[in-house]
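Report on the structure
In case you want the letters, here they are:
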Amino acid sequence: MVETPKFQAKFLLPKYWLTWLGVAVLYTISWLPYKLQLALGRLIGRLFYRFMPRRAAIARRNLELCFPEKSAADIETLVKTNLENTGIAFFETGMAWWWPNWRIQRKLHVHGIEHLEAPLQHGQGVLLLLFHFLSLEMHARLHGLIKPAVGLYRPHNNALMEFLQTRGRARSNKYMIPRKDVKGMLEALNQGDIAGYLPDQDYGRRRTVFVPFFAVEKTSTTTGTMLFAGNANCATVPTTCYRRDDGSGYDITFYPQFENFPTGDDETDAMRVNKMVEFAVQQRPEQYLWIHRRFKTRPNETDQDLYL
């Protein structure tokens, strides 16, 4: 568990002045009209596409691997749209961290809440499966307005950013847990809390099985989902958050909990998780985080790098 951090005098030192400048700009922009921020985000995303070719190339390669049936033109269109959504995500961080509840509440549209409430009513915790969509910061903040939760996170190397992100992410939620604190996560679940977990990135070889993800037959997939689900009194409930195209907000949907999960067969269970991720991505592929090297870890260290 990470307690809400306190301001430290060292944050005023010159080493943090550039960080403060960036934060001040983002904070100021966060008070602009929502649709204007979306437009600015798309503009920033077009600059990403032009001036960050490495990230665009990673997104392109991921999409080629996952959707081999798509034409080169379709892939390129999706890359451009995805980077526009990435630009929007930059401004959503400011909204998520600093908007007052009254303003952000107007953007919230909830579906399937009964799937979240059922296990809580039976005294269980909820292992909430979140996925790396670009509106993830908004997802966390909005979810706290529905039911405050706890979440795993990666501590920031910059002490000032750690202060800001921890306070921002816990604004409508309970507290944060460092991602390596397995015991803390299990305790939260056993106490009946909702704990968010992201099972859809490449976390290396530790606690991993290689199972299909879209058209990539052997994808490094964490077994952490099964570790938590199998060792805590909890239900496993997937959820998604999609940004609406018309600028009216976000749709948060809770899906039925996984029955008979985990089964004890890590590969079978990991495939089930990946199928859920695939379903979620297929709904709004342009809003998924494609600039992460999802397939960097191969089954054998001598296997060809898929990003060369």
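Definitions and limits used
- Residues numbered from 1 in each chain as written.
- Predicted model: local features only at pLDDT ≥ 70, side-chain atom pairs only at ≥ 80, totals over all residues.
- Heavy atoms only, no water.
- UniProt positions renumbered as here; feature names shortened; annotations may be inferred.
- Helix = DSSP H or I, 4+ residues; strand = E, 2+ residues; numbered from the N terminus.
- Patch = residues over 30% accessible without salt bridge, like charges linked within 9 Å, V, L, I, M, F, W, Y side chains within 5 Å.
- Areas by Shrake-Rupley, 256 points an atom, 1.4 Å probe, with all protein chains shown as cover.
- Salt bridge = Lys/Arg side-chain N within 4 Å of Asp/Glu carboxyl O.
- Lys, Arg positive; Asp, Glu negative; His and termini not counted.
- Charge placed at Lys NZ, Arg CZ, Asp CG, Glu CD.
- Buried < 20%, exposed > 50% of the residue type's maximum accessible area, 1.4 Å probe, protein only.
- Polar contact = N/O pair within 3.5 Å; in protein donor to acceptor, adjacent residues only side chain to side chain.
- Contact = heavy atoms within 4.5 Å.
- Pairing = 2+ DSSP bridges.
- Axes fitted to C-alpha atoms, helices over the stretch in contact; angles between N-to-C directions.

The name recorded for the chain in an unreviewed UniProt entry is Lipid A biosynthesis acyltransferase, from Pseudidiomarina taiwanensis. UniProt annotates the chain under Sequence similarities (unreviewed entry) with the comment "Belongs to the LpxL/LpxM/LpxP family." Quoted verbatim from the Subcellular location (unreviewed entry) heading of the UniProt record, the comment on the chain is "Cell inner membrane".

Under the UniProt annotation, the feature "short sequence motif: HXXXXD motif" (unreviewed entry) is placed at residues 132-137. Secondary structure across residues 132-137 divides into 33% helix and 0% strand, with the first and last C-alpha atoms of the span separated by 10 Å.

A cluster of basic residues, Arg154, Arg179, Lys180, Arg206 and Arg207, forms a positive patch at the surface. Considering the arrangement of structural elements, one finds Arg179 in the loop between strand 4 (175-178) and helix 9 (182-190).

Quick look at the side chain of Ser220 now. Positionally, Ser220 belongs in strand 7 (residues 216-222). Classification of Ser220 by relative accessible area gives buried; the value is 1%. A distance of 3.0 Å separates the side chain of Ser220 from the backbone oxygen of Gly204, its partner in a polar contact. Once residues within four sequence positions are removed from consideration, Ser220 is found in contact with Gln201, Asp202, Gly204, Thr208, Val209, Phe210, Arg294 and Thr297.

Bringing the sheet that holds strand 9 (residues 250-254) into the picture now. Strands in a sheet are paired, the pairing made by backbone hydrogen bonds, and the direction either parallel or antiparallel. Within the open sheet, the 7 strands sit side by side as 1-9-8-2-5-3-4. Their pairing is mixed. The open sheet has two edge strands with one neighbour each: strand 1 (108-111) and strand 4. Sheet twist, expressed as the average angle between the axes of neighbouring strands with direction ignored, equals 25°. In the sheet, strand 1 pairs with strand 9 via 4 bridges, with the strands oriented parallel. When the sheet's bridge partners are listed, His109 is paired in strand 9 with Asp251. Sitting on the sheet, helix 6 (residues 113-121) touches strand 1, strand 2 (125-129), strand 5 (194-197), strand 8 (234-243) and strand 9, and the angle it makes with strand 2 is about 145°. Along the sheet face, helix 7 (residues 136-146) touches strand 1, strand 2, strand 5, strand 8 and strand 9 and points at about 65° away from the line of strand 9.

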